[in-house]
Amino acid sequence: MLFKNYINGEWVDSATGKTFTSFNPADTSDELGEFPASDARDVERAVEAADRAFREWSRVPAPKRGELLFEIGERLKRHKEELAQIMTREMGKVLKEARGDVQEAIDMAYYIGAEGRRLFGHTTPSELPNKHCLSMRRPVGRVGVITPWNFPIAIPAWKIFPAILAGNTVVWKPATDTPRCAYELVKILEASGLPKGVVNLVFGGGNDVGIPLAKHPKIDMISFTGSTETGRAIYQYGAAKLIRVHLEMGGKNPIIVLEDADLDLAIEGILWSAFGTTGQRCTACSRLIVEDGVYEKLLEKLVDRTKKLRLGNGLDPATDVGPVVNRSAQEKIARYVELGVKEGAKLLCGGRIAKDGALAKGFFFEPTIFADVTPEMTIFREEIFGPVLSVCKAKDYDDAIRLANHTSFGLSSSIYTQDINKAHRAMEEIEAGITYINSGTIGAEVHLPFGGVKETGNGGRESGWTAIEEYTEWKTIYVDFSGRLQKAQGID
Ligand code: UN1
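Residues numbered from 1 in each chain as written. Predicted model: local features only at pLDDT ≥ 70, side-chain atom pairs only at ≥ 80, totals over all residues. Heavy atoms only, no water.

1. What about the site of the ligand?
Thought 1: In the vicinity of the ligand, the contacting residues are Glu-104, Asn-150, Phe-151, Ile-155, Trp-158, Arg-281, Cys-282, Thr-283, Ile-442, Gly-443, Ala-444 and Phe-450.
Thought 2: Separating an oxygen atom of the ligand from a side-chain N or O atom of Thr-283 is a distance of 2.7 Å.
Thought 3: Coverage of the ligand by the protein chains reaches 99% of its 320 Å² of free accessible surface.
Thought 4: Looking at the shell around the ligand residue by residue, the classes come out as seven nonpolar, three polar and two charged.
Thought 5: Each of domain 1 (5–249 + 457–477) and domain 2 (253–437) contributes no fewer than three residues to the shell around the ligand. (Near = heavy atom within 4 Å. Polar contact = N/O pair within 3.5 Å; in protein donor to acceptor, adjacent residues only side chain to side chain. Areas by Shrake-Rupley, 256 points an atom, 1.4 Å probe, with all protein chains shown as cover. Nonpolar A, V, L, I, M, F, W, Y, C, P; charged D, E, K, R; others polar. Domains from an automatic or database assignment.)

Here it is, written out as C-alpha coordinates:
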(Lines give C-alpha, C1' and ligand atoms only; values in the text may rest on other atoms or scores of the structure.)
Protein backbone atom coordinates (compact mmCIF):
# COMPACT_ATOMS: atom_id res chain seq x y z
CA MET A 1 0.00 0.00 0.00
CA LEU A 2 1.21 3.50 -0.86
CA PHE A 3 0.94 6.04 1.96
CA LYS A 4 0.99 9.84 1.66
CA ASN A 5 2.19 12.92 3.48
CA TYR A 6 -0.32 14.75 5.68
CA ILE A 7 -0.33 18.47 4.96
CA ASN A 8 -2.99 21.02 5.87
CA GLY A 9 -5.39 18.28 6.91
CA GLU A 10 -5.09 16.31 3.68
CA TRP A 11 -3.25 13.18 2.60
CA VAL A 12 -1.17 14.33 -0.36
CA ASP A 13 1.47 12.91 -2.72
CA SER A 14 5.01 14.07 -2.42
CA ALA A 15 6.42 16.41 -5.05
CA THR A 16 9.15 13.89 -5.83
CA GLY A 17 6.97 10.93 -6.80
CA LYS A 18 9.67 8.74 -5.23
CA THR A 19 9.01 6.26 -2.44
CA PHE A 20 10.71 3.98 0.08
CA THR A 21 9.48 0.79 1.71
CA SER A 22 9.15 -0.07 5.39
CA PHE A 23 10.03 -3.68 6.35
CA ASN A 24 9.68 -5.87 9.40
CA PRO A 25 13.20 -6.33 10.83
CA ALA A 26 12.21 -9.77 12.19
CA ASP A 27 11.08 -10.93 8.75
CA THR A 28 11.92 -8.75 5.78
CA SER A 29 9.31 -10.42 3.58
CA ASP A 30 6.70 -8.62 5.71
CA GLU A 31 6.21 -5.07 4.34
CA LEU A 32 4.45 -2.28 6.19
CA GLY A 33 3.94 -0.05 3.19
CA GLU A 34 5.51 2.29 0.72
CA PHE A 35 6.04 5.88 1.81
CA PRO A 36 6.89 9.09 -0.01
CA ALA A 37 10.59 10.00 -0.18
CA SER A 38 9.80 13.70 0.08
CA ASP A 39 12.07 16.70 -0.38
CA ALA A 40 12.33 20.42 0.36
CA ARG A 41 9.24 21.20 -1.74
CA ASP A 42 7.07 19.08 0.53
CA VAL A 43 8.68 20.67 3.58
CA GLU A 44 7.81 24.06 2.11
CA ARG A 45 4.13 23.13 1.75
CA ALA A 46 4.01 21.69 5.24
CA VAL A 47 5.64 24.73 6.84
CA GLU A 48 3.24 27.02 4.95
CA ALA A 49 0.33 25.00 6.33
CA ALA A 50 1.72 25.14 9.87
CA ASP A 51 2.23 28.87 9.47
CA ARG A 52 -1.33 29.48 8.25
CA ALA A 53 -2.82 27.38 11.06
CA PHE A 54 -0.78 29.03 13.80
CA ARG A 55 -2.79 32.21 14.33
CA GLU A 56 -6.08 30.48 14.88
CA TRP A 57 -4.73 27.52 16.84
CA SER A 58 -2.74 29.70 19.22
CA ARG A 59 -5.99 31.57 20.02
CA VAL A 60 -7.96 28.47 20.95
CA PRO A 61 -8.23 28.53 24.76
CA ALA A 62 -5.63 26.19 26.23
CA PRO A 63 -8.22 24.09 28.16
CA LYS A 64 -9.94 23.44 24.80
CA ARG A 65 -6.65 22.38 23.26
CA GLY A 66 -6.31 20.11 26.28
CA GLU A 67 -9.67 18.51 25.46
CA LEU A 68 -8.31 17.53 22.06
CA LEU A 69 -5.47 15.76 23.85
CA PHE A 70 -7.93 13.87 26.06
CA GLU A 71 -9.73 12.72 22.92
CA ILE A 72 -6.40 11.63 21.44
CA GLY A 73 -5.67 9.74 24.67
CA GLU A 74 -9.06 7.98 24.46
CA ARG A 75 -8.47 6.90 20.89
CA LEU A 76 -4.91 5.74 21.58
CA LYS A 77 -6.33 3.65 24.40
CA ARG A 78 -8.93 2.12 22.12
CA HIS A 79 -6.36 1.29 19.44
CA LYS A 80 -3.50 0.40 21.78
CA GLU A 81 -3.27 -3.27 20.83
CA GLU A 82 -3.44 -2.69 17.11
CA LEU A 83 -0.81 0.08 17.31
CA ALA A 84 1.47 -2.13 19.40
CA GLN A 85 1.22 -4.94 16.86
CA ILE A 86 2.13 -2.60 14.01
CA MET A 87 5.04 -1.22 16.04
CA THR A 88 6.42 -4.69 16.75
CA ARG A 89 6.16 -5.53 13.07
CA GLU A 90 7.78 -2.30 12.01
CA MET A 91 10.74 -1.94 14.39
CA GLY A 92 10.92 -5.26 16.19
CA LYS A 93 10.53 -4.57 19.93
CA VAL A 94 8.65 -7.31 21.75
CA LEU A 95 4.92 -6.83 21.97
CA LYS A 96 4.75 -6.09 25.70
CA GLU A 97 7.28 -3.29 25.21
CA ALA A 98 5.40 -1.98 22.18
CA ARG A 99 2.30 -1.78 24.38
CA GLY A 100 4.39 0.17 26.86
CA ASP A 101 5.47 2.55 24.11
CA VAL A 102 1.84 3.29 23.18
CA GLN A 103 1.03 3.59 26.90
CA GLU A 104 3.64 6.35 27.26
CA ALA A 105 1.82 8.29 24.56
CA ILE A 106 -1.52 7.73 26.34
CA ASP A 107 -0.01 8.89 29.63
CA MET A 108 1.42 11.97 27.95
CA ALA A 109 -1.91 12.84 26.31
CA TYR A 110 -3.70 12.90 29.68
CA TYR A 111 -0.86 14.45 31.66
CA ILE A 112 -0.22 17.28 29.26
CA GLY A 113 -3.88 17.69 28.28
CA ALA A 114 -4.61 18.62 31.90
CA GLU A 115 -1.87 21.26 31.73
CA GLY A 116 -4.27 23.20 29.50
CA ARG A 117 -6.03 24.23 32.72
CA ARG A 118 -2.78 25.29 34.34
CA LEU A 119 -0.07 26.74 32.07
CA PHE A 120 0.68 28.87 35.10
CA GLY A 121 2.44 32.20 34.92
CA HIS A 122 3.49 34.38 37.85
CA THR A 123 2.08 37.57 39.26
CA THR A 124 4.29 39.69 41.47
CA PRO A 125 4.05 43.13 43.09
CA SER A 126 5.36 46.13 41.23
CA GLU A 127 7.86 48.52 42.78
CA LEU A 128 5.36 51.27 41.93
CA PRO A 129 1.82 51.83 43.23
CA ASN A 130 -1.21 51.23 41.00
CA LYS A 131 0.66 48.94 38.74
CA HIS A 132 0.33 45.18 38.12
CA CYS A 133 3.12 42.90 36.98
CA LEU A 134 2.40 39.50 35.51
CA SER A 135 3.81 36.97 33.15
CA MET A 136 2.16 34.50 30.81
CA ARG A 137 3.23 31.76 28.49
CA ARG A 138 3.01 32.16 24.73
CA PRO A 139 3.58 29.48 22.13
CA VAL A 140 6.96 29.49 20.40
CA GLY A 141 5.42 29.23 16.92
CA ARG A 142 6.02 26.66 14.20
CA VAL A 143 7.89 23.69 15.60
CA GLY A 144 9.87 21.18 13.51
CA VAL A 145 9.81 17.75 15.16
CA ILE A 146 12.37 15.11 14.14
CA THR A 147 12.02 11.72 15.83
CA PRO A 148 13.81 8.36 15.99
CA TRP A 149 12.53 4.84 15.37
CA ASN A 150 13.21 3.28 18.78
CA PHE A 151 10.14 4.80 20.47
CA PRO A 152 8.11 5.47 17.34
CA ILE A 153 4.92 6.54 19.11
CA ALA A 154 6.08 7.59 22.59
CA ILE A 155 8.80 10.04 21.55
CA PRO A 156 6.67 11.83 18.93
CA ALA A 157 3.95 12.09 21.59
CA TRP A 158 6.38 13.61 24.13
CA LYS A 159 7.13 16.32 21.59
CA ILE A 160 3.96 16.89 19.58
CA PHE A 161 1.47 16.75 22.47
CA PRO A 162 3.06 19.46 24.64
CA ALA A 163 3.83 21.51 21.53
CA ILE A 164 0.20 21.65 20.39
CA LEU A 165 -1.15 21.99 23.92
CA ALA A 166 0.92 25.15 24.24
CA GLY A 167 -0.58 26.51 20.99
CA ASN A 168 2.24 25.76 18.56
CA THR A 169 1.82 24.14 15.17
CA VAL A 170 4.03 21.28 14.03
CA VAL A 171 5.81 19.84 11.01
CA TRP A 172 6.89 16.30 11.83
CA LYS A 173 9.57 14.24 10.12
CA PRO A 174 9.55 10.70 11.54
CA ALA A 175 12.42 8.22 11.15
CA THR A 176 12.53 6.38 7.83
CA ASP A 177 12.55 3.05 9.71
CA THR A 178 9.13 3.66 11.28
CA PRO A 179 6.91 5.61 8.87
CA ARG A 180 3.91 3.34 9.41
CA CYS A 181 3.81 4.08 13.14
CA ALA A 182 3.90 7.78 12.29
CA TYR A 183 1.02 7.35 9.86
CA GLU A 184 -1.04 5.51 12.48
CA LEU A 185 -0.43 8.21 15.09
CA VAL A 186 -1.45 10.98 12.71
CA LYS A 187 -4.59 9.03 11.74
CA ILE A 188 -5.50 9.11 15.42
CA LEU A 189 -4.85 12.85 15.67
CA GLU A 190 -6.99 13.39 12.59
CA ALA A 191 -9.87 11.25 13.88
CA SER A 192 -9.70 13.11 17.21
CA GLY A 193 -10.60 16.39 15.48
CA LEU A 194 -7.21 18.03 15.02
CA PRO A 195 -7.77 21.22 13.00
CA LYS A 196 -6.06 21.31 9.62
CA GLY A 197 -2.46 22.46 9.51
CA VAL A 198 -1.85 22.06 13.26
CA VAL A 199 0.24 18.90 12.75
CA ASN A 200 1.75 18.14 9.34
CA LEU A 201 3.61 14.95 8.51
CA VAL A 202 6.38 14.74 5.91
CA PHE A 203 8.02 11.36 5.26
CA GLY A 204 11.57 11.11 3.99
CA GLY A 205 15.25 11.13 4.82
CA GLY A 206 17.39 13.44 6.91
CA ASN A 207 19.11 15.19 4.04
CA ASP A 208 16.00 15.67 1.95
CA VAL A 209 13.48 16.52 4.68
CA GLY A 210 15.25 16.97 8.04
CA ILE A 211 17.79 19.55 6.94
CA PRO A 212 15.39 21.71 4.88
CA LEU A 213 13.04 21.63 7.88
CA ALA A 214 15.75 22.67 10.35
CA LYS A 215 16.90 25.45 7.99
CA HIS A 216 13.48 26.76 7.06
CA PRO A 217 13.18 30.48 7.93
CA LYS A 218 9.62 30.07 9.21
CA ILE A 219 10.46 27.29 11.67
CA ASP A 220 10.81 28.79 15.16
CA MET A 221 12.00 25.73 17.03
CA ILE A 222 13.39 22.28 16.35
CA SER A 223 12.86 19.37 18.71
CA PHE A 224 15.11 16.43 17.91
CA THR A 225 15.84 13.02 19.39
CA GLY A 226 18.55 10.92 17.75
CA SER A 227 22.29 10.66 17.36
CA THR A 228 24.74 13.18 18.78
CA GLU A 229 26.24 13.66 15.34
CA THR A 230 22.92 14.66 13.73
CA GLY A 231 21.94 16.70 16.78
CA ARG A 232 25.12 18.71 16.57
CA ALA A 233 24.41 19.57 12.92
CA ILE A 234 20.82 20.56 13.72
CA TYR A 235 22.03 22.76 16.57
CA GLN A 236 24.21 24.62 14.09
CA TYR A 237 21.33 25.19 11.66
CA GLY A 238 19.31 26.46 14.60
CA ALA A 239 22.14 28.71 15.78
CA ALA A 240 22.31 30.37 12.37
CA LYS A 241 18.66 31.39 12.77
CA LEU A 242 18.89 32.00 16.55
CA ILE A 243 16.01 29.63 17.20
CA ARG A 244 15.40 27.29 20.09
CA VAL A 245 16.72 23.77 19.55
CA HIS A 246 15.77 20.93 21.86
CA LEU A 247 18.15 17.95 21.63
CA GLU A 248 17.98 14.47 23.17
CA MET A 249 20.91 12.37 22.08
CA GLY A 250 23.22 9.53 22.93
CA GLY A 251 23.87 7.67 26.14
CA LYS A 252 26.42 5.27 27.60
CA ASN A 253 24.42 4.59 30.70
CA PRO A 254 26.10 2.87 33.64
CA ILE A 255 24.76 0.57 36.31
CA ILE A 256 26.95 0.40 39.41
CA VAL A 257 26.68 -2.67 41.63
CA LEU A 258 28.31 -2.34 45.04
CA GLU A 259 29.34 -5.27 47.25
CA ASP A 260 26.41 -4.84 49.62
CA ALA A 261 23.81 -4.90 46.81
CA ASP A 262 21.01 -7.42 46.46
CA LEU A 263 22.60 -9.25 43.54
CA ASP A 264 19.50 -11.06 42.33
CA LEU A 265 17.64 -7.79 42.19
CA ALA A 266 20.56 -6.18 40.35
CA ILE A 267 20.63 -8.97 37.77
CA GLU A 268 16.96 -8.44 36.94
CA GLY A 269 17.61 -4.73 36.44
CA ILE A 270 20.74 -5.30 34.35
CA LEU A 271 19.05 -7.80 32.01
CA TRP A 272 16.07 -5.53 31.51
CA SER A 273 18.18 -2.41 30.96
CA ALA A 274 20.86 -3.96 28.73
CA PHE A 275 18.76 -6.25 26.57
CA GLY A 276 15.24 -4.80 26.75
CA THR A 277 14.34 -3.23 23.37
CA THR A 278 17.41 -5.19 22.17
CA GLY A 279 19.56 -2.54 23.83
CA GLN A 280 18.16 0.10 21.50
CA ARG A 281 17.05 2.67 24.06
CA CYS A 282 18.89 5.94 24.68
CA THR A 283 18.51 4.92 28.30
CA ALA A 284 19.77 1.34 27.82
CA CYS A 285 22.52 0.18 30.16
CA SER A 286 25.69 -0.41 28.15
CA ARG A 287 28.24 -0.23 30.98
CA LEU A 288 28.12 -2.34 34.10
CA ILE A 289 30.51 -1.32 36.86
CA VAL A 290 30.89 -3.90 39.61
CA GLU A 291 32.75 -3.63 42.90
CA ASP A 292 35.62 -6.10 43.16
CA GLY A 293 34.22 -8.38 45.89
CA VAL A 294 31.12 -9.41 43.89
CA TYR A 295 32.52 -9.15 40.35
CA GLU A 296 33.00 -12.85 39.62
CA LYS A 297 29.82 -13.96 41.37
CA LEU A 298 27.64 -11.40 39.62
CA LEU A 299 29.12 -12.12 36.21
CA GLU A 300 28.62 -15.83 36.54
CA LYS A 301 24.94 -15.47 37.33
CA LEU A 302 24.45 -12.75 34.73
CA VAL A 303 26.02 -14.71 31.89
CA ASP A 304 23.99 -17.75 32.83
CA ARG A 305 20.75 -15.74 32.64
CA THR A 306 21.79 -13.95 29.44
CA LYS A 307 22.42 -17.22 27.63
CA LYS A 308 18.85 -18.24 28.40
CA LEU A 309 17.31 -15.18 26.70
CA ARG A 310 15.28 -16.24 23.68
CA LEU A 311 15.74 -14.35 20.46
CA GLY A 312 12.85 -14.18 18.05
CA ASN A 313 9.99 -12.31 16.48
CA GLY A 314 8.57 -9.84 19.01
CA LEU A 315 5.03 -10.97 18.20
CA ASP A 316 5.80 -14.38 19.71
CA PRO A 317 5.07 -14.21 23.46
CA ALA A 318 8.00 -16.58 24.12
CA THR A 319 10.50 -14.03 22.74
CA ASP A 320 12.67 -12.08 25.19
CA VAL A 321 14.80 -10.17 22.70
CA GLY A 322 13.62 -9.02 19.26
CA PRO A 323 15.69 -8.07 16.21
CA VAL A 324 17.75 -4.92 15.78
CA VAL A 325 16.21 -2.32 13.54
CA ASN A 326 17.97 -2.98 10.21
CA ARG A 327 20.94 -4.52 8.48
CA SER A 328 23.23 -1.56 8.94
CA ALA A 329 22.56 -1.58 12.71
CA GLN A 330 23.35 -5.30 12.78
CA GLU A 331 26.61 -4.75 10.91
CA LYS A 332 27.56 -1.81 13.10
CA ILE A 333 27.08 -3.90 16.24
CA ALA A 334 29.19 -6.69 14.75
CA ARG A 335 31.98 -4.17 14.06
CA TYR A 336 31.90 -2.98 17.68
CA VAL A 337 32.12 -6.55 18.92
CA GLU A 338 35.14 -7.15 16.70
CA LEU A 339 36.75 -4.00 18.09
CA GLY A 340 36.02 -5.16 21.63
CA VAL A 341 37.82 -8.43 21.04
CA LYS A 342 40.70 -6.70 19.27
CA GLU A 343 41.18 -4.17 22.06
CA GLY A 344 41.40 -6.96 24.64
CA ALA A 345 37.99 -7.21 26.30
CA LYS A 346 36.90 -10.70 27.32
CA LEU A 347 33.88 -11.95 25.39
CA LEU A 348 31.75 -13.94 27.86
CA CYS A 349 28.71 -14.67 25.74
CA GLY A 350 27.01 -13.77 22.46
CA GLY A 351 28.97 -11.68 20.01
CA ARG A 352 27.50 -12.99 16.80
CA ILE A 353 24.83 -12.20 14.26
CA ALA A 354 22.10 -14.76 14.98
CA LYS A 355 20.73 -16.52 11.93
CA ASP A 356 19.60 -19.97 12.95
CA GLY A 357 16.29 -21.05 11.45
CA ALA A 358 13.67 -18.29 11.30
CA LEU A 359 16.20 -15.75 12.61
CA ALA A 360 17.78 -15.68 9.16
CA LYS A 361 14.67 -13.87 7.92
CA GLY A 362 15.57 -10.77 9.89
CA PHE A 363 18.33 -8.85 11.66
CA PHE A 364 19.16 -10.50 14.95
CA PHE A 365 22.18 -10.18 17.20
CA GLU A 366 23.02 -12.35 20.18
CA PRO A 367 22.89 -10.67 23.61
CA THR A 368 26.57 -10.01 24.27
CA ILE A 369 28.62 -9.47 27.41
CA PHE A 370 32.22 -8.31 27.54
CA ALA A 371 34.16 -8.48 30.82
CA ASP A 372 37.37 -6.74 31.89
CA VAL A 373 36.52 -3.68 29.85
CA THR A 374 38.64 -0.60 30.53
CA PRO A 375 37.85 3.07 29.88
CA GLU A 376 40.25 3.31 26.94
CA MET A 377 38.34 0.73 24.94
CA THR A 378 35.98 1.86 22.20
CA ILE A 379 33.15 -0.32 23.55
CA PHE A 380 33.38 1.57 26.86
CA ARG A 381 33.20 4.96 25.18
CA GLU A 382 30.91 4.84 22.14
CA GLU A 383 27.19 4.28 21.98
CA ILE A 384 26.56 0.93 20.23
CA PHE A 385 22.74 0.95 20.37
CA GLY A 386 22.42 -2.81 20.46
CA PRO A 387 22.48 -5.75 22.89
CA VAL A 388 26.09 -5.34 24.00
CA LEU A 389 27.04 -4.89 27.65
CA SER A 390 30.56 -3.90 28.73
CA VAL A 391 31.51 -4.84 32.28
CA CYS A 392 34.34 -3.35 34.31
CA LYS A 393 35.64 -3.89 37.79
CA ALA A 394 35.77 -1.09 40.37
CA LYS A 395 38.00 -1.06 43.46
CA ASP A 396 35.45 0.68 45.65
CA TYR A 397 32.57 3.19 45.61
CA ASP A 398 34.76 6.13 44.57
CA ASP A 399 36.34 4.16 41.77
CA ALA A 400 32.88 3.10 40.57
CA ILE A 401 31.70 6.71 40.43
CA ARG A 402 34.86 7.74 38.61
CA LEU A 403 34.29 5.03 36.00
CA ALA A 404 30.60 5.86 35.67
CA ASN A 405 31.45 9.50 34.99
CA HIS A 406 34.24 8.66 32.58
CA THR A 407 32.06 9.27 29.51
CA SER A 408 31.07 12.09 27.23
CA PHE A 409 27.37 11.24 27.72
CA GLY A 410 25.04 11.69 30.69
CA LEU A 411 21.49 10.48 30.22
CA SER A 412 20.54 7.70 32.62
CA SER A 413 22.40 5.87 35.40
CA SER A 414 21.81 3.51 38.28
CA ILE A 415 23.33 2.21 41.49
CA TYR A 416 22.54 -0.94 43.45
CA THR A 417 23.44 -0.67 47.12
CA GLN A 418 21.85 -1.13 50.54
CA ASP A 419 23.96 1.66 51.99
CA ILE A 420 21.74 4.69 52.34
CA ASN A 421 24.69 7.05 52.56
CA LYS A 422 26.28 5.80 49.37
CA ALA A 423 22.94 5.87 47.60
CA HIS A 424 22.47 9.52 48.53
CA ARG A 425 26.03 10.40 47.59
CA ALA A 426 25.48 8.77 44.18
CA MET A 427 22.37 10.88 43.58
CA GLU A 428 24.65 13.90 43.67
CA GLU A 429 27.86 12.47 42.28
CA ILE A 430 26.76 10.59 39.16
CA GLU A 431 26.83 13.00 36.24
CA ALA A 432 23.57 12.23 34.48
CA GLY A 433 20.10 13.63 33.93
CA ILE A 434 18.49 10.57 35.52
CA THR A 435 19.70 8.34 38.37
CA TYR A 436 17.88 5.23 39.57
CA ILE A 437 18.54 3.72 42.99
CA ASN A 438 18.12 -0.07 43.12
CA SER A 439 16.51 -0.21 39.70
CA GLY A 440 17.86 -0.36 36.13
CA THR A 441 18.47 2.58 33.78
CA ILE A 442 15.21 2.42 31.80
CA GLY A 443 11.58 3.13 32.48
CA ALA A 444 11.28 6.90 32.86
CA GLU A 445 7.74 8.14 33.60
CA VAL A 446 6.11 10.90 31.54
CA HIS A 447 5.40 13.34 34.37
CA LEU A 448 9.06 13.83 35.29
CA PRO A 449 11.75 15.70 33.37
CA PHE A 450 13.64 13.56 30.87
CA GLY A 451 17.02 14.43 29.41
CA GLY A 452 20.72 14.41 30.04
CA VAL A 453 23.91 16.33 30.67
CA LYS A 454 27.17 16.51 28.71
CA GLU A 455 26.84 15.46 25.05
CA THR A 456 23.45 13.88 25.64
CA GLY A 457 21.67 17.20 25.35
CA ASN A 458 21.93 20.96 25.31
CA GLY A 459 20.26 21.73 28.62
CA GLY A 460 16.58 21.12 27.90
CA ARG A 461 14.30 18.53 29.46
CA GLU A 462 11.27 17.02 27.84
CA SER A 463 8.35 15.32 29.54
CA GLY A 464 7.20 16.46 32.96
CA TRP A 465 6.40 20.08 33.72
CA THR A 466 9.60 20.99 31.90
CA ALA A 467 7.94 20.09 28.58
CA ILE A 468 5.88 23.25 28.99
CA GLU A 469 9.08 25.27 29.40
CA GLU A 470 10.40 23.82 26.14
CA TYR A 471 7.39 24.72 24.04
CA THR A 472 6.53 28.17 25.42
CA GLU A 473 8.05 31.62 25.52
CA TRP A 474 7.56 33.92 28.49
CA LYS A 475 5.69 37.16 27.98
CA THR A 476 5.99 39.79 30.71
CA ILE A 477 3.18 42.32 31.13
CA TYR A 478 3.06 45.58 33.07
CA VAL A 479 -0.30 47.23 33.63
CA ASP A 480 -0.16 50.80 34.91
CA PHE A 481 -3.51 52.02 36.22
CA SER A 482 -2.22 55.15 37.99
CA GLY A 483 -3.27 57.43 35.14
CA ARG A 484 0.14 59.14 35.03
CA LEU A 485 3.60 58.31 33.74
CA GLN A 486 5.32 56.38 36.53
CA LYS A 487 8.96 55.63 36.00
CA ALA A 488 10.65 52.52 37.42
CA GLN A 489 14.08 52.54 39.07
CA GLY A 490 13.15 55.63 41.14
CA ILE A 491 13.42 58.11 38.29
CA ASP A 492 11.36 61.28 38.96
C1 UN1 B 1 14.72 6.58 24.57
O2 UN1 B 1 15.33 5.53 24.58
O3 UN1 B 1 14.96 7.43 23.71
O4 UN1 B 1 13.01 5.57 30.13
C5 UN1 B 1 13.61 6.90 25.46
C6 UN1 B 1 12.85 4.84 29.17
C7 UN1 B 1 11.72 5.10 28.23
C8 UN1 B 1 12.09 6.11 27.19
C9 UN1 B 1 13.39 5.89 26.53
N10 UN1 B 1 10.57 5.57 28.97
O11 UN1 B 1 13.59 3.93 28.93
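2. Quick word on helix α8 (residues 228–241)
An α-helix turns once every 3.6 residues. As a result, residues three or four positions apart point the same way.
Thought 1: Taking 1.5 Å of rise per residue, 14 residues should cover 20 Å, and α8 covers 20 Å from first to last C-alpha, within 8% of that figure.
Thought 2: Residues of α8 that are buried include every one of Thr-228, Gly-231, Ile-234 and Gly-238, and no others. In an axial view of α8, the angular spread of the buried residues amounts to 120°, which keeps them on one side of the axis. Facing away from the buried surface of α8 by more than 90 degrees, the exposed residues are Glu-229, Gln-236 and Ala-240.
Thought 3: In the segment just after α8, Leu-242 is the residue with positive phi, at about 55°. (Helix = DSSP H or I, 4+ residues; strand = E, 2+ residues; numbered from the N terminus. Expected span 1.5 Å × (residues − 1). Buried < 20%, exposed > 50% of the residue type's maximum accessible area, 1.4 Å probe, protein only. Arc of directions from axis to C-beta.)

3. Re the side chain of Thr-378
Thought 1: Tracing the backbone through its elements, the reader meets Thr-378 in helix α12 (residues 378–381).
Thought 2: One polar contact links Thr-378 to Glu-343, side chain to side chain, over a distance of 2.6 Å.
Thought 3: Here Thr-378 is in contact with Tyr-336, Leu-339 and Glu-343, once residues within four sequence places are set aside. (Contact = heavy atoms within 4.5 Å.)

4. Observations concerning the pairing of strand β6 (residues 131–139)
Thought 1: In β6, alternate side chains face the same way, and those of Lys-131, Cys-133, Ser-135, Arg-137 and Pro-139 are buried while those of His-132, Leu-134, Met-136 and Arg-138 on the opposite face are not.
Thought 2: With three bridges joining them, strand β5 (residues 123–125) and β6 adopt antiparallel strand pairing. Looking at the pairing, Thr-124 lines up with Cys-133 of β6.
Thought 3: Hairpin connection from β5 to β6: five residues lie between these consecutive antiparallel strands, with Asn-130 at a positive phi of about 50°.
Thought 4: As paired strands, β6 and strand β21 (residues 472–480) are joined by nine bridges and run antiparallel to one another. Looking at the pairing, Leu-134 lines up with Ile-477 of β21. (Pairing = 2+ DSSP bridges.)

5. So, the sheet that holds β5
Thought 1: Here we have three strands laid out as an open sheet, ordered β5-β6-β21, and antiparallel in their pairing. The open sheet is flanked by β5 and β21, the only strands paired with a single partner. Across this sheet, the average inter-strand angle for adjacent strands is 25°, counted without regard to direction. (Axes fitted to C-alpha atoms, helices over the stretch in contact; angles between N-to-C directions.)

6. Notes on the state of the cysteines
Thought 1: Taken as a whole and assessed by the stated rule, the structure comprises zero disulfides.
Thought 2: The thiol of Cys-349 is not disulfide-bonded; the next cysteine sulfur, from Cys-285, is found 14 Å away. (Disulfide = S-S within 2.5 Å.)

7. With respect to the domain arrangement of the protein
Thought 1: Structurally, the protein comprises domain 1 (5–249 + 457–477) and domain 2 (253–437).
Thought 2: Between domain 1 and domain 2, the C-alpha centre-to-centre distance is 31 Å.
Thought 3: Each partner contributes residues to the interface: domain 1 has 22 residues there, and domain 2 has 26 residues.
Thought 4: For the pair domain 1 and domain 2, the two sides together bury roughly 1,900 Å², of which 60% comes from carbon and sulfur.
Thought 5: For the interface between domain 1 and domain 2, the tally reads one salt bridge.
Thought 6: Between Arg-281 and Glu-97 there is a salt bridge, with the nearest N and O atoms lying 3.3 Å from each other. (Buried area = accessible area lost by both parts, 1.4 Å probe. Salt bridge = Lys/Arg side-chain N within 4 Å of Asp/Glu carboxyl O.)

8. Section: the packing of helix α13 (residues 397–405) against helix α14 (residues 420–429)
Thought 1: Interhelical geometry of α13 versus α14 gives an angle of 25° and a closest axis separation of 11 Å. Here α13 is positioned roughly parallel relative to α14, judged by the angle of their axes. When the axes of α13 and α14 are compared, the crossing they make is right-handed. The segment α13 lies against α14, with Tyr-397, Asp-398, Ile-401 and Asn-405 engaging Lys-422, Arg-425, Ala-426 and Glu-429.
Thought 2: Of the residues assigned to the contact of α13 with α14, the class counts are three nonpolar, one polar and four charged. (Parallel < 35°, antiparallel > 145°, perpendicular 65-115°, else oblique. Left-handed = near helix turned anticlockwise from the far one by under 90°.)

9. Quick word on helix α6 (residues 179–191)
Thought 1: Under the 1.5 Å per step criterion, the end-to-end length of α6 is 18 Å for 13 residues, consistent within 8% with the ideal 18 Å.
Thought 2: Among the 13 residues in α6, ten count as buried, and that is most of the element.
Thought 3: Every buried residue belonging to α6 is among Pro-179, Arg-180, Cys-181, Ala-182, Tyr-183, Glu-184, Leu-185, Val-186, Ile-188 and Leu-189, and all of these are buried.
Thought 4: Backbone geometry just downstream of α6 places Gly-193 in the positive-phi region, at approximately 100°.

10. So, the sheet that holds strand β17 (residues 368–371)
The strands making up a sheet associate through hydrogen bonds between their backbones, and the pairing can be parallel or antiparallel.
Thought 1: What the seven strands build is an open sheet, ordered β14-β17-β18-β13-β12-β19-β20; its pairing is mixed. Where the open sheet ends on each side, the last strands, each with one partner, are β14 (346–349) and β20 (436–437).
Thought 2: With five bridges connecting them, strand β12 (residues 253–257) and strand β13 (residues 285–291) associate as parallel partners. The residue of β13 that forms the bridge with Asn-253 is Cys-285.
Thought 3: Its contacts with the sheet place helix α11 (residues 327–342) against β17 and β18 (388–394), and it is angled at close to 20° to β17.
Thought 4: Where α13 meets the sheet, it contacts β12, β13, β18 and β19 (414–416), and its direction lies at approximately 165° from that of β13.

11. Digging into a positive patch on the surface
Thought 1: On the surface, Arg-55, Arg-59, Arg-138 and Lys-475 cluster together into a patch of positive charge.
Thought 2: Topologically, Arg-59 is positioned in helix α1 (residues 40–59). (Patch = residues over 30% accessible without salt bridge, like charges linked within 9 Å, V, L, I, M, F, W, Y side chains within 5 Å. Lys, Arg positive; Asp, Glu negative; His and termini not counted. Charge placed at Lys NZ, Arg CZ, Asp CG, Glu CD.)

12. Focus: a negative patch on the surface
Thought 1: Taken together, Glu-259, Asp-260, Asp-292, Glu-296, Glu-300 and Asp-372 make up a surface patch of like negative charges.
Thought 2: Along the chain, Glu-296 falls in helix α10 (residues 292–307).

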